[in-house]
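Summary of the model geometry
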Amino acid sequence: MHACIQHLREIIDSSIPSILELFGFEEAVRSHFESAGGAVAGLTFQYEDQTNGEIDKLRDTVRTALFRIAQEAINNTLRHAQASQINVLVSQSPEGTLAMTIRDNGSFKARVDARLGGINHMQTRAQLIGASFEVKDKDGTEIGIRLEPEILSELRHAHSFG
(Lines give C-alpha, C1' and ligand atoms only; values in the text may rest on other atoms or scores of the structure.)
Protein backbone atom coordinates (compact mmCIF):
# COMPACT_ATOMS: atom_id res chain seq x y z
CA MET A 1 0.00 0.00 0.00
CA HIS A 2 2.80 2.41 0.90
CA ALA A 3 4.50 1.76 -2.47
CA CYS A 4 1.19 2.46 -4.24
CA ILE A 5 0.76 5.78 -2.44
CA GLN A 6 4.37 6.74 -3.18
CA HIS A 7 3.91 5.90 -6.86
CA LEU A 8 0.74 8.03 -6.98
CA ARG A 9 2.63 10.96 -5.41
CA GLU A 10 5.36 10.61 -8.04
CA ILE A 11 2.76 10.74 -10.82
CA ILE A 12 1.19 13.85 -9.27
CA ASP A 13 4.59 15.52 -8.82
CA SER A 14 5.57 14.81 -12.41
CA SER A 15 2.31 16.38 -13.63
CA ILE A 16 2.85 19.61 -11.70
CA PRO A 17 4.96 21.29 -14.39
CA SER A 18 2.00 20.70 -16.74
CA ILE A 19 -0.25 22.48 -14.24
CA LEU A 20 2.37 25.22 -14.07
CA GLU A 21 2.31 25.57 -17.87
CA LEU A 22 -1.46 25.38 -18.21
CA PHE A 23 -2.73 27.32 -15.21
CA GLY A 24 0.21 29.31 -13.86
CA PHE A 25 2.43 29.50 -10.84
CA GLU A 26 -0.18 30.20 -8.17
CA GLU A 27 -2.36 27.26 -9.17
CA ALA A 28 0.65 24.91 -9.30
CA VAL A 29 1.74 25.93 -5.79
CA ARG A 30 -1.80 25.59 -4.42
CA SER A 31 -2.18 22.22 -6.12
CA HIS A 32 1.07 20.99 -4.62
CA PHE A 33 0.02 22.08 -1.12
CA GLU A 34 -3.20 20.12 -1.49
CA SER A 35 -1.60 17.01 -3.03
CA ALA A 36 1.17 16.98 -0.40
CA GLY A 37 -1.51 16.70 2.28
CA GLY A 38 -1.30 20.19 3.73
CA ALA A 39 -5.04 20.63 4.14
CA VAL A 40 -5.39 17.14 5.62
CA ALA A 41 -2.61 17.94 8.10
CA GLY A 42 -4.67 20.92 9.27
CA LEU A 43 -2.38 23.63 7.92
CA THR A 44 -3.71 26.95 6.76
CA PHE A 45 -2.31 28.03 3.40
CA GLN A 46 -2.18 31.56 2.06
CA TYR A 47 -0.83 32.64 -1.32
CA GLU A 48 -0.52 36.34 -2.08
CA ASP A 49 0.78 37.75 -5.35
CA GLN A 50 1.35 41.50 -5.21
CA THR A 51 2.89 41.53 -8.70
CA ASN A 52 -0.04 40.72 -10.96
CA GLY A 53 1.52 37.43 -12.07
CA GLU A 54 5.13 38.45 -12.73
CA ILE A 55 6.42 34.91 -12.13
CA ASP A 56 4.27 33.67 -15.00
CA LYS A 57 6.05 36.13 -17.31
CA LEU A 58 9.39 34.42 -16.71
CA ARG A 59 10.92 31.68 -18.85
CA ASP A 60 9.60 28.18 -18.22
CA THR A 61 12.87 26.97 -16.70
CA VAL A 62 12.91 29.86 -14.21
CA ARG A 63 9.26 29.36 -13.24
CA THR A 64 9.91 25.65 -12.78
CA ALA A 65 12.93 26.37 -10.56
CA LEU A 66 10.85 28.79 -8.46
CA PHE A 67 8.06 26.23 -8.26
CA ARG A 68 10.48 23.50 -7.15
CA ILE A 69 11.80 25.81 -4.42
CA ALA A 70 8.25 26.49 -3.20
CA GLN A 71 7.48 22.77 -3.43
CA GLU A 72 10.51 21.85 -1.31
CA ALA A 73 9.73 24.54 1.26
CA ILE A 74 6.14 23.26 1.59
CA ASN A 75 7.37 19.66 1.86
CA ASN A 76 9.88 20.66 4.56
CA THR A 77 7.17 22.42 6.51
CA LEU A 78 4.89 19.40 6.35
CA ARG A 79 7.66 16.97 7.35
CA HIS A 80 9.64 18.88 9.93
CA ALA A 81 8.14 22.14 11.17
CA GLN A 82 5.02 21.17 13.12
CA ALA A 83 3.50 24.35 11.77
CA SER A 84 -0.13 25.43 11.53
CA GLN A 85 0.32 27.93 8.70
CA ILE A 86 2.25 28.37 5.44
CA ASN A 87 2.32 31.70 3.61
CA VAL A 88 3.68 32.26 0.11
CA LEU A 89 4.18 35.88 -0.89
CA VAL A 90 5.30 37.10 -4.31
CA SER A 91 6.23 40.77 -4.33
CA GLN A 92 8.20 43.30 -6.31
CA SER A 93 10.09 46.28 -4.96
CA PRO A 94 9.77 49.75 -6.53
CA GLU A 95 13.28 49.16 -7.95
CA GLY A 96 12.01 46.02 -9.71
CA THR A 97 13.42 43.21 -7.53
CA LEU A 98 11.09 40.21 -7.67
CA ALA A 99 10.85 38.29 -4.40
CA MET A 100 9.21 35.06 -3.32
CA THR A 101 8.93 34.38 0.39
CA ILE A 102 7.69 31.11 1.86
CA ARG A 103 7.08 31.33 5.59
CA ASP A 104 5.73 28.95 8.20
CA ASN A 105 5.12 29.33 11.91
CA GLY A 106 6.72 26.03 12.88
CA SER A 107 9.59 25.05 15.13
CA PHE A 108 12.14 23.70 12.63
CA LYS A 109 15.53 25.40 12.86
CA ALA A 110 17.00 25.61 9.38
CA ARG A 111 20.71 25.35 8.66
CA VAL A 112 22.36 25.41 5.26
CA ASP A 113 24.81 22.52 5.38
CA ALA A 114 25.47 19.17 3.72
CA ARG A 115 23.17 17.27 6.07
CA LEU A 116 20.06 19.19 5.02
CA GLY A 117 19.56 18.25 1.39
CA GLY A 118 16.26 20.05 0.85
CA ILE A 119 17.58 23.45 1.86
CA ASN A 120 20.72 22.93 -0.18
CA HIS A 121 18.64 21.90 -3.20
CA MET A 122 16.60 25.10 -2.89
CA GLN A 123 19.78 27.16 -2.64
CA THR A 124 21.26 25.45 -5.70
CA ARG A 125 18.09 26.04 -7.75
CA ALA A 126 18.14 29.71 -6.77
CA GLN A 127 21.79 30.05 -7.78
CA LEU A 128 21.14 28.37 -11.14
CA ILE A 129 18.62 31.08 -12.07
CA GLY A 130 20.74 33.91 -10.69
CA ALA A 131 18.59 34.50 -7.59
CA SER A 132 19.70 35.17 -4.06
CA PHE A 133 18.60 32.69 -1.38
CA GLU A 134 18.10 33.37 2.31
CA VAL A 135 16.86 31.27 5.22
CA LYS A 136 15.63 32.78 8.47
CA ASP A 137 14.36 30.78 11.40
CA LYS A 138 12.97 33.25 13.91
CA ASP A 139 9.34 32.50 14.81
CA GLY A 140 9.19 29.80 12.14
CA THR A 141 11.13 29.30 8.95
CA GLU A 142 11.29 31.80 6.12
CA ILE A 143 12.77 31.05 2.72
CA GLY A 144 13.48 34.16 0.67
CA ILE A 145 14.30 34.23 -3.04
CA ARG A 146 15.18 37.47 -4.81
CA LEU A 147 15.67 38.15 -8.50
CA GLU A 148 17.29 41.52 -9.14
CA PRO A 149 16.03 43.70 -12.05
CA GLU A 150 19.13 43.22 -14.22
CA ILE A 151 18.69 39.44 -14.04
CA LEU A 152 14.91 39.61 -14.48
CA SER A 153 15.24 41.36 -17.82
CA GLU A 154 17.16 38.32 -19.13
CA LEU A 155 14.64 35.84 -17.68
CA ARG A 156 11.40 37.21 -19.10
CA HIS A 157 9.41 35.17 -21.57
CA ALA A 158 6.78 36.22 -24.09
CA HIS A 159 4.30 33.66 -22.69
CA SER A 160 2.06 34.90 -19.88
CA PHE A 161 -1.11 33.82 -18.14
CA GLY A 162 -4.05 36.00 -17.48
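Attention now goes to the overall build of the protein. Scanning the protein for helices and strands turns up five helices and five strands. Taken from the N to the C terminus, the helices and strands of the protein come in the order α-α-β-α-β-β-α-β-β-α. Of all 162 residues assigned to the protein, the portion counted as buried reaches 44%. Taking the intrachain contacts of the protein between residues at least 6 apart in sequence as the baseline, contacts between residues at least 24 apart amount to 64%. Surface accessibility of the protein: about 8,800 Å² in total, with carbon and sulfur atoms responsible for 50%.

Counted under the stated rule, the structure contains two aromatic pairs. Consider the rings of phenylalanine 25 and tyrosine 47, whose centres lie 6.4 Å apart with planes at 50 degrees: the pair is tilted. Of this pair, phenylalanine 25 sits in helix H2 (residues 25-35) while tyrosine 47 sits in strand E1 (residues 44-49), and the two are 22 residues apart along the sequence. With a centroid separation of 4.6 Å and an interplanar angle of 25 degrees, the aromatic rings of phenylalanine 33 and phenylalanine 45 are classed as stacked.

As a further point, take the sheet that holds strand E3 (residues 98-104). Two orientations exist for strands paired in a sheet by backbone hydrogen bonds: parallel and antiparallel. Spatial ordering of the open sheet is given by E1-E2-E3-E5-E4, a layout of five strands whose pairing is mixed. Since the sheet does not close on itself, it has two edges, and those belong to E1 and strand E4 (132-136), each with one partner. Between one strand axis and the next, the sheet turns by 10 degrees as a mean value, whatever way the strands run. Packing against the sheet, H2 makes contact with E1, strand E2 (85-92) and E3, and its axis sits at approximately 170 degrees to E1. Along the sheet, helix H4 (residues 117-128) makes contact with E4 and strand E5 (142-147), crossing E4 at roughly 150 degrees.

Position of glutamine 71 relative to the elements: it lies in helix H3 (residues 60-81). Classification of glutamine 71 as buried rests on a relative accessible area of 7%. A distance of 2.8 Å separates polar atoms of two side chains, one belonging to glutamine 71 and the other to arginine 68.

With that settled, consider the nonpolar core. The biggest cluster of nonpolar side chains holds 36 residues, and the ones touching the most others in it are Phe25, Val29, Leu66, Met100, Ile145 and Leu147. Of all the elements, H3 adds the most residues to this core, at eight residues. Setting aside residues no more than four positions away along its own chain, valine 29 makes contact with Phe45, Tyr47, Phe67, Ala70, Ile74 and Val88.

Mapped onto the elements, aspartate 60 comes out in helix H3. Along the backbone, aspartate 60 and leucine 155 are 95 residues apart, and their C-alpha atoms lie at a distance of 9.2 Å. Among the polar contacts made by the side chain of aspartate 60, one reaches the side chain of arginine 63 at a distance of 3.1 Å.

Across its 12 residues, H4 extends 16 Å between first and last C-alpha, which sits within 8% of the 16 Å expected from 1.5 Å per residue. Looking at H4, one finds that the buried residues are Gly118, Ile119, Asn120, Met122 and Ala126. Remark: glycine 130 follows H4 within two positions and exhibits a positive phi of approximately 80 degrees.

Right, let's talk about the confidence of the model for the protein for a bit. Summarising the model, the protein shows a mean pLDDT of 85, and 81% of its residues fall at 70 or more. Note on residues 158-162: pLDDT is under 50 here. Beyond four places in sequence and across chains, it has 12 contacts.

The subject of this paragraph is the packing of H2 against H3. It is at 10 Å that the axes of H2 and H3 come closest, and there the two elements cross at 25 degrees. The angle between H2 and H3 places the two elements in the roughly parallel class. Crossing handedness for the pair H2 and H3: right-handed. Residues Phe25, Ala28, Val29, His32 and Phe33 of H2 form the contact with H3, whose own contacting residues are Arg63, Leu66, Phe67, Ala70, Gln71, Ile74 and Asn75.

Basis of the calculations
- Residues numbered from 1 in each chain as written.
- Predicted model: local features only at pLDDT ≥ 70, side-chain atom pairs only at ≥ 80, totals over all residues.
- Heavy atoms only, no water.
- Helix = DSSP H or I, 4+ residues; strand = E, 2+ residues; numbered from the N terminus.
- Buried < 20%, exposed > 50% of the residue type's maximum accessible area, 1.4 Å probe, protein only.
- Contact = heavy atoms within 4.5 Å.
- Areas by Shrake-Rupley, 256 points an atom, 1.4 Å probe, with all protein chains shown as cover.
- Phe/Tyr/Trp six-rings, centres within 6.5 Å; stacked < 30°, edge-to-face > 60°.
- Pairing = 2+ DSSP bridges.
- Axes fitted to C-alpha atoms, helices over the stretch in contact; angles between N-to-C directions.
- Polar contact = N/O pair within 3.5 Å; in protein donor to acceptor, adjacent residues only side chain to side chain.
- Core = buried A, V, L, I, M, F, W, Y, C linked by side-chain atoms within 4.5 Å.
- Expected span 1.5 Å × (residues − 1).
- pLDDT = per-residue confidence, 0-100.
- Parallel < 35°, antiparallel > 145°, perpendicular 65-115°, else oblique.
- Left-handed = near helix turned anticlockwise from the far one by under 90°.

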